[in-house]
Amino acid sequence: MTVAHLETAQADSATTVPVLLSTAYRRLDAMCEALSVRIGGPGGSPARTVGLTGGQEDVEAFVEAEAARIRERHDHTAPRHVAASRALHDYAWSVGLLMSGVWCLESRVPRIAPGDIRVDLTSGAFEVTPGTELVCLPGDPAAPLPGARTVAHQEALRAELRTAVADHMGPVLEALGPYVRRGSRALWGLVSDDLVSGLWYLGRMRGDEAAGVRAASAVLPTAHAPFPGGADFRSLRTSDGREHPTRTRLGCCLYYTIRPNEACSTCPRTCDAERLRRLES
């Protein structure tokens, strides 16, 4: 994998981990149209933001805000467990991409605590307060910085990414689980899907879908507890002879309950014939 550090060695030695992470998060936000994130700081957050480990009142406001957006965008009243599932899916995808994107672009893994993330109830945008910890490889210009820790090789770094995502999402799933009404395996399946999906998407945004598939497959080549399965990509061939990567999600984000005729292309409900029809159209 080609590593593109954002800063030169000289600049890295004169900065801090939070400054590096702020730059990386802004780069991801600019690169990824589907990601909406702003950088938080000492100035405080807008009044209409919540954190998902701040208590039941914040979680209920988070779910209700998603239900309101579904009504506005789709003219559909979603049951609470559907709104909660959709909100959790967006959260897991966005926060997972903040961590996996930094790994993919820079071979660095940031630690994002649940308390570092707040969600704007009106827009659904995410606010991240950059932390003071990251993991990198020996020789990385960031390695000497306070808060940086090195691991020996890329596989160890991928393990750190899986751990960072799991440590963040564990408390979030505990808070949202009663609203989503699904068991632990299904919840972690959703997190696995969104970790894979984020890297796949990032590859497409960089103009190299195959690189995104390789990155996602390297992070989750198979099940790694608590993630119940791997990326498991396969190919579909269209009539022009082109191969297209696809996979079947371990779980379901319940979008089909909002738009029954528009289930996600990786949904377990979407057969290969339908996937090919969409690719051909």
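About the thresholds
- Residues numbered from 1 in each chain as written.
- Predicted model: local features only at pLDDT ≥ 70, side-chain atom pairs only at ≥ 80, totals over all residues.
- Heavy atoms only, no water.
- Pairing = 2+ DSSP bridges.
- Helix = DSSP H or I, 4+ residues; strand = E, 2+ residues; numbered from the N terminus.
- Axes fitted to C-alpha atoms, helices over the stretch in contact; angles between N-to-C directions.
- Parallel < 35°, antiparallel > 145°, perpendicular 65-115°, else oblique.
- Left-handed = near helix turned anticlockwise from the far one by under 90°.
- Contact = heavy atoms within 4.5 Å.
- Nonpolar A, V, L, I, M, F, W, Y, C, P; charged D, E, K, R; others polar.
- pLDDT = per-residue confidence, 0-100.
- Salt bridge = Lys/Arg side-chain N within 4 Å of Asp/Glu carboxyl O.
- Buried < 20%, exposed > 50% of the residue type's maximum accessible area, 1.4 Å probe, protein only.
- 1 Å grid on protein atoms, 1.4 Å probe; cavity = no way out; pocket = protein on both sides within 12 Å on 5 of 7 lines; lining within 4 Å.
- Points joined across faces, edges and corners; volume = space filled by probe spheres on them.
- Core = buried A, V, L, I, M, F, W, Y, C linked by side-chain atoms within 4.5 Å.
- Bend = angle between axes of the 7 residues up to and from the residue.

### Brief notes about the sheet that holds strand E6 (residues 134–136)
Point 1. Pairing is mixed in the open sheet, where 3 strands are placed in the order E3-E6-E7. At either end of the open sheet lies a strand with only one pairing partner, and these are strand E3 (109–110) and strand E7 (148–150).

### A look at the packing of helix H6 (residues 184–205) against helix H7 (residues 209–219)
Point 1. H7 packs onto H6 with a crossing angle of 155° between their chain directions and a minimal axis gap of 6 Å. Taken together, the axes of H6 and H7 lie roughly antiparallel to each other. The handedness of the crossing between H6 and H7 comes out as right-handed. Facing H6, whose interface residues are Leu195, Val196, Leu199, Trp200, Gly203 and Arg204, H7 presents Glu209, Gly212, Val213, Ala215, Ala216 and Val219.
Point 2. For the contact of H6 with H7, the residue count by class is 8 nonpolar, 2 polar and 2 charged.

### Observations regarding the confidence of the model for the protein chain
Point 1. Confidence in the prediction of the protein chain, expressed as mean pLDDT, is 92, and 93% of residues score 70 or more.
Point 2. Segment residues 1–12 is flagged for pLDDT under 50; beyond a separation of four residues in sequence, or across chains, it makes 29 contacts in the model.

### Here's the deal with the pairing of strand E8 (residues 234–237)
Point 1. With 4 bridges connecting them, E8 and strand E9 (residues 243–246) associate as antiparallel partners. Note on E9: the bridge partner recorded for Arg234 is Thr246.

### Focus: the pattern of salt bridges
Point 1. If you walk through the whole model with that rule in mind, you get 18 salt bridges.
Point 2. Here Glu243 makes a salt bridge to Arg237, at a shortest N to O gap of 2.6 Å.
Point 3. With relative accessibility at 40%, the residue Glu243 sits in the partly exposed group.
Point 4. A salt bridge links Arg277 to Glu274, with the shortest nitrogen-to-oxygen separation between them at 2.8 Å. Remark: Glu274 and Arg277 occur in helix H8 (residues 272–280); sequence separation between them is 3 residues, near one turn of the helix.
Point 5. Within the structure, one salt-bridge network assembled from shared partners comprises Asp193, Asp194, Arg247 and Arg249.

### As for empty space enclosed by the protein
Point 1. Considering all chains together, one arrives at 1 cavity of 30 Å³ or more under this definition.
Point 2. Approximately 30 Å³ is the volume found for the largest cavity.
Point 3. Lining the largest cavity are Phe62, Glu66, Arg69, Ala87, Asp90, Val119, Gly124 and Phe126.
Point 4. Elements that contribute at least two residues to the lining of the largest cavity include exactly helix H3 (56–74) and helix H4 (80–106).
Point 5. Broken down by element, the residue count for the lining of the largest cavity peaks at 3 residues, all from H3.
Point 6. Of the residues that constitute the lining of the largest cavity, the class distribution is 4 nonpolar, 1 polar and 3 charged.

### Describing the nonpolar core
Point 1. Core analysis: the largest hydrophobic core is formed by 83 residues, its most contacted members being Phe62, Leu88, Tyr91, Trp103, Met169 and Leu176.
Point 2. With 16 residues, H4 is the largest single contributor of residues to this core.
Point 3. In contact with Leu176, not counting residues within four places along its chain, are Leu52, Val59, Phe62, Val63 and Leu88.

### What about the pairing of E9?
Point 1. Covered by surrounding structure in E9 are His244 and Thr246 only, the residues Glu243 and Pro245 on the alternate face being uncovered.
Point 2. Hairpin connection of E8 to E9: 5 residues between the antiparallel strands, including Gly241 at a positive phi of 90°.

### Describing helix H5 (residues 154–180)
Point 1. Residue Glu174 marks the point of greatest curvature in H5, where the axis turns by about 40°; the proline Pro178 follows within four residues.
Point 2. Among the residues trailing H5, Arg181 stands out with phi positive, at a value near 65°.

### Here we look at unusual backbone geometry
Apart from glycine, the bulk of residues carry a negative phi angle, and the bulk of peptide bonds sit in the trans form.
Point 1. A cis geometry characterises the amide bond from Ala225 onward to Pro226, with omega recorded as 5°.
Point 2. Note that Pro226 resides in the loop between H7 and E8.
Point 3. Even without being a glycine, Asp75 presents a positive backbone phi close to 50°.
Point 4. Assignment of secondary structure puts Asp75 in the loop between H3 and H4.
Point 5. Residue Asp75 is classed as exposed on the basis of its relative accessible area of 73%.
Point 6. At Arg181, a position not held by glycine, the phi torsion is positive, near 65°.
Point 7. Considering the arrangement of structural elements, one finds Arg181 in the loop between H5 and H6.

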